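Inside the fold
Chain residues, written in single-letter form:
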Amino acid sequence: RGLGGSRGGMASSILGRILAIVLAVAAAGRLGLGVIAYRTANALERPSYSVVRQLGGGVELRRYSPYLIAETSVRADSMREASGKGFREVAGYVFGKNRPATKMAMTAPVRMSSDPRGGVPSTTRVSFVLEKSYSRRTAPAPLRGQDVRVRSVAPHL
């Protein structure tokens with residue numbers, strides 16, 4: 001009886017250690033992926049700006065230079081539905097569903113706006129900033145039937 005109880009305690013101890021190791025590896029992996037995602041997001045090209053004034057709490061008042069966006073408008077019953085549909089439509093354009101099938105780099109930010117007075121369903125605009133190397137003349141053309149348009153955004157605060 002003493003030996004059997006000892007083996008059960010030892011098996012339980014080994015399982016506990018294995019579980020602790022698995023949890024530690026999972027936590028380290030999650031942290032590692034978070035660091036990679038953070039670095040990747042911060043390496044994306046963004047519109048040029050100058051800081052007009054530093055406000056409290058790390059907030060900046062910025063003056064943005066002009067830039068190009070690829071934009072679509074989506075009518076949907078919820079912001080979640082509209083943002084999902086809009087994101088897929090514009091991402092398709094950026095990742096090669098354009099003429100001449102050019103895959104462009106991801107940039108930041110992804111922009112979304114909705115008219116709060118529009119009721120339900122409302123129209124939500126979703127847009128991606130295009131790389132600085134493109135102009136209105138050189139940006140790939142959306143495919144026929146694709147609800148994506150390329151437009152300039154004027155300088156703004």
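Above this note sits the structure.
None of the values given here were measured: they were computed from a predicted structure. (Residues numbered from 1 in each chain as written. Predicted model: local features only at pLDDT ≥ 70, side-chain atom pairs only at ≥ 80, totals over all residues. Heavy atoms only, no water.)

1. Some thoughts on the environment of A108
Its location among the elements puts A108 in the loop between β4 (98–99) and β5 (110–114). Between the alpha carbons of A108 and L44 there is a distance of 6.0 Å; along the sequence they are 64 residues apart. The residues touching A108, leaving out its near neighbours within four places in the chain, are L44, E45, R46, P47 and V129. (Helix = DSSP H or I, 4+ residues; strand = E, 2+ residues; numbered from the N terminus. Contact = heavy atoms within 4.5 Å.)

2. What to know about the pattern of salt bridges
A complete count under the given rule lists six salt bridges for this structure. With its nearest N and O atoms 2.9 Å apart, the salt bridge here joins E60 to R62. The residue E71 makes a salt bridge to R125 at a minimum N-O spacing of 3.6 Å. Of this pair, E71 sits in strand β3 (residues 67–76) while R125 sits in strand β6 (residues 122–129); the two residues are 54 residues apart in sequence, bridging distant segments of the chain. Judged by its relative accessible area of 4%, E71 falls in the buried class. Among the ionic contacts, a cluster of salt bridges with common partners joins E71, R125, D147, R149 and R151. (Salt bridge = Lys/Arg side-chain N within 4 Å of Asp/Glu carboxyl O. Buried < 20%, exposed > 50% of the residue type's maximum accessible area, 1.4 Å probe, protein only.)

3. Quick look at the pairing of strand β1 (residues 49–54)
The pairing of β1 with strand β2 (residues 60–64) spans five bridges and is antiparallel. Across the sheet, R53 pairs through a bridge with L61, a residue of β2. (Pairing = 2+ DSSP bridges.)

4. Concerning empty space enclosed by the protein
Summed over the entire model, instances satisfying the criterion amount to one cavity of 30 Å³ or more. Estimates place the volume of the largest cavity at around 30 Å³. Of the residues contributing to the lining of the largest cavity, the split by class is seven nonpolar, one polar and one charged. (1 Å grid on protein atoms, 1.4 Å probe; cavity = no way out; pocket = protein on both sides within 12 Å on 5 of 7 lines; lining within 4 Å. Points joined across faces, edges and corners; volume = space filled by probe spheres on them. Nonpolar A, V, L, I, M, F, W, Y, C, P; charged D, E, K, R; others polar.)

5. Some details on helix α2 (residues 79–94)
Here α2 spans 22 Å end to end across 16 residues, near enough to the 22 Å set by a 1.5 Å rise per residue. Residues of α2 that are buried: A82, S83, G84, G86, V90, A91, G92, Y93 and V94. G96 occupies a position one or two residues after α2 and carries a positive phi of about 120°. (Expected span 1.5 Å × (residues − 1).)

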